[in-house]
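Listed below are the residues making up each chain.
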Amino acid sequence: MRMLFEIDTKDYDINGTIFSRPSARGIIIRDGKLAMIHSLKLDYYKFPGGGIEKNEDKKRALMREVLEEAGLTVIPQTIKEYGMVHRIQKGDYEDVFIQDNYYFLCDVEDVMQEQKLDDYEKDERFTLEYVTPDQVIATNHACSYKDADLIMLQRENRIIQILMQEGCIR
């Protein structure tokens, strides 16, 4: 999968404890809008997706995570690799946090299922919304960042800017 960009904060001790958590994220475009997860509590948007479990392949993780977070069923034959973002920074609980974020273009079935959110996702009141790229970028840029993950929001905005530059969405 092509490397889109790298985020390296250089604020970590490379000789310390390392935690690596790869993720799979869905880029779902419908009628010129993106399917995004909106945190109603903190008012930011992110692509649906999340951590890849041990012994789980990327596409299976993508389908599971999109269903859990968004209630959307990915159509397997529509999955296309888009690109990955390598992230390395000081972790909250470890010296080094590494995350390879794999982004996939995909289509979903029309019928929504029930979300299966974990406790922190319920606390943030994750809600699926179809929104314009400009709306996502503006909302994420205006987010207070006090409680939200600034690097994640910057990552998502950069992905949208690349999608727009490449003509995938306007």
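As a starting point, this report considers the structure included with it. (Residues numbered from 1 in each chain as written. Predicted model: local features only at pLDDT ≥ 70, side-chain atom pairs only at ≥ 80, totals over all residues. Heavy atoms only, no water.)

1. Notes on the overall build of the protein chain
And then number 1: In terms of helices and strands, the protein chain carries 4 helices and 10 strands.
And then number 2: Order of helices (α) and strands (β) in the protein chain, N terminus to C terminus: β-β-β-β-β-β-β-α-β-β-α-β-α-α.
And then number 3: For the protein chain, whose C-alpha radius of gyration is 15 Å, the value lies close to the compact-globule estimate of 15 Å for 170 residues.
And then number 4: Burial statistics for the protein chain: of 170 residues in total, 49% are counted as buried.
And then number 5: Carbon and sulfur atoms form 47% of the exposed surface of the protein chain, whose accessible area is close to 9100 Å².
And then number 6: Computed over 23 positive and 32 negative side-chain charges, the inter-centroid distance for the protein chain is 2 Å. (Helix = DSSP H or I, 4+ residues; strand = E, 2+ residues; numbered from the N terminus. Rg over C-alpha atoms; globule rule 2.2 N^0.38 Å. Buried < 20%, exposed > 50% of the residue type's maximum accessible area, 1.4 Å probe, protein only. Areas by Shrake-Rupley, 256 points an atom, 1.4 Å probe, with all protein chains shown as cover. Lys, Arg positive; Asp, Glu negative; His and termini not counted. Charge placed at Lys NZ, Arg CZ, Asp CG, Glu CD.)

2. Things to note about the nonpolar core
And then number 1: Residues I28, Y44, L62, V66, L72, V74 and I79 are the most contacted members of the largest nonpolar core, which totals 26 residues.
And then number 2: Within the second largest apolar cluster, 20 residues are counted, among which are F47, V131, I137 and L163. (Core = buried A, V, L, I, M, F, W, Y, C linked by side-chain atoms within 4.5 Å.)

3. A few points about unusual backbone geometry
And then number 1: Positive phi, normally seen in glycine, also occurs at K10, with a value near 55°.
And then number 2: In this structure, N55 is a non-glycine residue whose phi angle is positive, near 65°.
And then number 3: Tracing the backbone shows N55 in the loop between β7 (49–51) and α1 (58–70).
And then number 4: Given the relative accessible area of 79%, N55 is considered exposed.

4. As for the pattern of salt bridges
And then number 1: In this structure the tally under the stated criterion is 12 salt bridges.
And then number 2: Two residues, R64 and E53, come together in a salt bridge whose shortest N-O distance is 3.9 Å. Pair noted here: R64 is in helix α1 and E53 is in the loop between β7 and α1, with a separation of 11 residues, a long-range link.
And then number 3: What makes R64 partly exposed here is its relative accessible area of 21%. (Salt bridge = Lys/Arg side-chain N within 4 Å of Asp/Glu carboxyl O.)

5. Points about the environment of L150
And then number 1: Locating L150 in the fold gives a position in helix α4 (residues 150–165).
And then number 2: Judged by relative accessible area, L150 falls into the partly exposed class, the value being 34%.
And then number 3: Sequence spacing of L150 and N140 is 10 residues, and the spatial spacing of their C-alpha atoms is 8.8 Å.

6. Focus: the layout of surface pockets
And then number 1: Each pocket or cavity is described by its volume, and for the largest pocket that value is around 910 Å³.
And then number 2: Considering the residues around the largest pocket, the lining is formed by 35 residues, among which R87, F97, Q99, Y120 and D149 are closest to the centre.
And then number 3: Elements with a minimum of two residues in the lining of the largest pocket: β3 (23–27), β6 (44–46), β7, α1, β8 (80–89), β9 (96–105), α2 (119–123) and α4.
And then number 4: Top contributing element to the lining of the largest pocket by residue count: α4, with 4 residues.
And then number 5: Its residues assigned to classes, the lining of the largest pocket comprises 11 nonpolar, 7 polar and 17 charged. (1 Å grid on protein atoms, 1.4 Å probe; cavity = no way out; pocket = protein on both sides within 12 Å on 5 of 7 lines; lining within 4 Å. Points joined across faces, edges and corners; volume = space filled by probe spheres on them. Nonpolar A, V, L, I, M, F, W, Y, C, P; charged D, E, K, R; others polar.)

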